[in-house]
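# Secondary and tertiary structure notes
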Amino acid sequence: RVPMGVTPAVTAAQFVGIILGVLFEAEVPEGLQLIAYGMMDSEEVRRVRRGRRSSFILVGGDMISPRRVVLSSLLRIAVGYMFLAALFVTVVQAESVIAIFYDVLALGFVESIDDHAYAMAKRGFFGKTMVLATHEKKKLLIDFNRKRGISSRYWSHRCARIVYFSNAVIMLAGLSVITVNQQHGKYRCGSITVNFEEEIWERAHVVIDMQDGFSTEERLLLYSHFSGTYIENGTHGGYPRYTEQNKRNSSKFEALVGAELLFCHELEAWVFRHELIKTSQNGKEENECSWLMRSPDTITFDIEEAADYDWNVWTGVIKPSSGLYVSCNECANSEDCGHRGTCSSDRQCKCDDEGHFGYKCEHERPCDSLVSEKQGCCGWRHENPILLVNDNSFASDNDKFNTVYNRPIYFQTNLTGIPYDMRKFDKVPPDHWSFERDSPTYDFANWDDFFDRSSEHDGLDDLLTEGYSVIIYFTGNRWCATMLPLSETITSWLVRLDYHAFWNTALDPDRTFIMSDITSTSYPTGVDWFEMRRRINYKLEENVSFYYGPIGVLVPLVGYEGSGWFHCPRVEPTGLQ
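Rules used throughout
Residues numbered from 1 in each chain as written. Predicted model: local features only at pLDDT ≥ 70, side-chain atom pairs only at ≥ 80, totals over all residues. Heavy atoms only, no water. Helix = DSSP H or I, 4+ residues; strand = E, 2+ residues; numbered from the N terminus. Buried < 20%, exposed > 50% of the residue type's maximum accessible area, 1.4 Å probe, protein only. Contact = heavy atoms within 4.5 Å. Areas by Shrake-Rupley, 256 points an atom, 1.4 Å probe, with all protein chains shown as cover. Core = buried A, V, L, I, M, F, W, Y, C linked by side-chain atoms within 4.5 Å. Salt bridge = Lys/Arg side-chain N within 4 Å of Asp/Glu carboxyl O. pLDDT = per-residue confidence, 0-100. Disulfide = S-S within 2.5 Å. Axes fitted to C-alpha atoms, helices over the stretch in contact; angles between N-to-C directions. Parallel < 35°, antiparallel > 145°, perpendicular 65-115°, else oblique. Left-handed = near helix turned anticlockwise from the far one by under 90°. Nonpolar A, V, L, I, M, F, W, Y, C, P; charged D, E, K, R; others polar. Pairing = 2+ DSSP bridges.

When you go through the protein residue by residue, the secondary structure sums to 12 helices and 29 strands. Here the protein, with 577 residues, has 47% of them falling under the buried criterion. Taking the intrachain contacts of the protein between residues at least 6 apart in sequence as the baseline, contacts between residues at least 24 apart amount to 63%. By element, 53% of the accessible surface of the protein is carried by carbon and sulfur atoms, the whole surface being about 29500 Å².

Below, the structure written as C-alpha cells:
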C-alpha cells in the first residue's frame, strides 16, 4: 500500500535508494553486455571473430554458441528485473529513511545469495563433489576489445546502453508520479468520520470575545459532541488538515468555527484543537499547537493509523485516554458498502434500498415512530405519537429523512404538563401517588430535582403550562430528549444550519431531562435510558454543597439493565409530523 504521504527526507531517500539500487544491481548490465556481443551483425562478427565460429570461448579453448550465452543472459536479466521490481515496490511503500536503506541492503543480499552459496561450496562446506564442480574451469572469455566494452557504436551495444539507463529513468519517473500524487492527496481519504470517547472537561475555557479584549467563560465540554464528519481542508506543514463539518448535513459551517485534526510539528504528533477553546484562561499559557487531545509521537500521514494508539486528553490536566475512532467515508468497492450498496465513481456508497443509510450503508433505516416502555399498558400507543422527522426540504437524497450526527431525529409535539410517558415507572400522575418531602422515610436520592423543582429551572413552569414539544436526537455518543417551546417547530429547529451539540448546549439543565447510555445504535431503541438529575446543585439546599459529577446523576428509567426504553411499534401512529 502506497503511504498517504511521506516527509521530504523520506522522499529524498526514496530517490537515492532507487539510484543506488540500479547501480548496485549487476545481473541486468552483465546480461545486456553478453547479449550485445552475441547479437552483432555479420560484418561485425567476421571482423571480431577473425574466422572463428564463435566470439565466445571457454578457458581451455572450447567454443560455445552465442545462442546459448544469449539464453542464459535472458535468465540473468529476468532475475535482475525481479530485483528492480521488488526494489521499486519496497521503496514506494517505505515511510522512514532507515527502512529504505535497510530494504535496499536486504534486496542486494537476496540477489547475491547464489554467489555466497557458490563461495561456500568452493570452500568445501557442501561436500567433495561440490568442491570439484566449483573448481572446474568454465570461465567465459569474450573475444572482443575489452578496453571499449560495449561503448562502441554497434547497434547492439547502443541498444544495451539504452535499455540499462531506461531502467533508472522509468523507475524514477514512476516514483515522481507517486510523489506528486501523495502531495496532492490522491492516496488520502478526503472525508472521515471521527468518534470521540466520552472524555469530559468540566471547566473548559471558551472564548466569547476576541474583538473588545480577550475574554473567556467556563463551560462543560464533552469531547463526544465533536464527533462527526471531518473533511480534508488543505494542509498544515505538509500534512493533511481535517476540519469539522455541520452535524446536520455534513456541510461546511456557515457561522460557527469547526474543530480541527492536524499534525503538530512541535510535538511530532496528531492533535485535536479548536481555536475558541483554550487550555488556559488568558489564552497565553497554551499547550503546543493549542492541543486538546494529542496522539503519541509519530510521523504517519494517516490519521486512521494515528487514531489506533492511546491519546492524551486535556481536562485541565493531561489525562490518558483511549482517544478516538476514525473511519474513512469513502469506498473502493461494494465490500466497503457492506454489500448493501454500490461504490460510485466518486467513491461514495449508494445504498441499494431504503433499509440502510450512512456513509457505508452501516445503519439500519429507523422505524417511523417510537413508543416508550410505559405504553405497554395501553396498546403501545401514544396520544401524541413520537414520529420520525422527514422534512423533504432538509432531508438528503440518500437518507430520505432528517439526521444530526448521521442519526435520525424524532419529534413529539402538543404536550402539556409533566411527560409521564418518558419518566421512571415509579413516577406516575399526582392522583396515583403522594409526595411527603418531610417524611422520616423520605429518600433524598430519589427526589427528582427537575420536575419536582421546576420553578428553579428557567422558564420550565411556563413551558409545562403553555405547551411544548420533545425532540429526541443524537449528540455524538448518546441520545437525548429535550423540551422545546411550541413556537419552535421542527422546521425552525432544522433551519439552524450550524447545529452543534456543544455550541447549542444539548445538555441544557433546564430543558434536557432524559439521556441514553453510551451507544452507537442507528436509532434510540435497544439502549438503556436515564433520567437526568442533580444538575442544579447550587440550588438544592442552602446548608449543603453537593457534587454529583459533570452530567449529574443518571437514574435508570427501567430497573433492568438491557431492557431499553423506546421501541418500534407495529401499529400505525395516530398523528403525523
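Right, let's talk about unusual backbone geometry for a bit. Of note, the phi angle at Cys 289 is positive, near 60°, even though the residue is not glycine. Mapped onto the elements of the fold, Cys 289 is located in the loop between strand E10 (277–278) and strand E11 (293–294). For Arg 347, which is not a glycine, the phi torsion comes out positive at approximately 65°. Among the secondary structure elements, Arg 347 is positioned in the loop between strand E15 (341–343) and strand E16 (349–351).

What follows deals with the nonpolar core. Of all hydrophobic cores here, the largest spans 44 residues; its most connected members are Ile 409, Ile 472, Met 483, Trp 493, Phe 513, Trp 529 and Phe 566. Broken down by secondary-structure element, the contributors of at least two residues to this core are strand E20 (386–388), strand E23 (410–415), helix H10 (460–466), strand E24 (468–474), strand E25 (479–485), helix H11 (490–494) and strand E26 (512–516). The biggest single contributor to this core is E24, with six residues.

Below, the discussion takes up the environment of Ile 192. Within the secondary structure layout, Ile 192 lies in strand E3 (residues 191–196). Residues Ile 192 and Tyr 359, 167 residues apart in the sequence, show an inter-C-alpha distance of 9.6 Å. Sequence-distant contacts of Ile 192, defined by excluding residues within four places in its chain, comprise Gly 228, Thr 229, Tyr 230, Tyr 242, Ile 303, Val 326, Ser 327, Cys 328 and Asn 329.

What follows is about the pattern of salt bridges. One pass over the full model with this rule turns up 13 salt bridges. Glu 199 is the salt-bridge partner of Lys 319, the closest N and O atoms lying 3.2 Å from each other. Placement of the pair is Lys 319 in strand E13 (residues 318–321) and Glu 199 in the loop between E3 and strand E4 (200–209), with a sequence separation of 120 residues. Arg 365 is paired through a salt bridge with Asp 368; the nearest N and O atoms lie 3.3 Å apart.

Another aspect to go through is the confidence of the model for the protein. Looking at the protein, the pLDDT average stands at 82 and 82% of residues meet or exceed 70. Within the model, pLDDT remains below 50 along residues 41–45, and this stretch shows four contacts once partners closer than five positions in the same chain are excluded. Every residue in residues 431–441 scores below 50 in pLDDT, and together they form nine contacts with partners more than four places removed in sequence or on other chains.

Let's shift gears to the state of the cysteines. As enumerated under the stated definition, the model contains six disulfides in all. Between the sulfur of Cys 264 and that of Cys 289 lies a disulfide, 2.0 Å long from S to S. Between Cys 264 and Cys 289 the disulfide shows an S-S torsion of about 75°. By sign, it is right-handed. Taken together, the residues span a long stretch of sequence, with Cys 264 in strand E8 (residues 260–264) and Cys 289 in the loop between E10 and E11 at a distance of 25 residues. The same class applies to Cys 264 as to Cys 289, namely buried. Each bonded cysteine of the protein gets a number by its place in the sequence, and the pairs then read 1-4, 2-3, 5-7, 6-8, 9-10, 11-12.

Relative to each other, helix H1 (residues 8–24) and helix H8 (residues 155–183) sit at 165°, their axes nearing to 10 Å. Considering their axes alone, H1 and H8 lie roughly antiparallel with respect to each other. Handedness of the crossing formed by H1 with H8: right-handed. Residues Thr 11, Gln 14, Phe 15, Ile 18, Ile 19, Val 22 and Leu 23 of H1 pack against Tyr 164, Ala 168, Met 171, Leu 172, Leu 175, Ser 176 and Thr 179 of H8. Residue composition of the contact of H1 with H8, grouped by class: 10 nonpolar, four polar and no charged.

The strand order across the open sheet formed by three strands is E5-E4-E10, and the pairing between neighbours is antiparallel. The outermost strands of the open sheet, each flanked by one partner alone, are strand E5 (215–222) and E10.

Note that Glu 268 resides in the loop between E8 and strand E9 (269–273). Considering only alpha carbons, one finds Glu 268 and Ser 295, 27 residues apart in sequence, at a separation of 9.0 Å. Apart from residues lying up to four places away in sequence, Glu 268 is in contact with Phe 263, Pro 296, Asp 297 and Thr 298.

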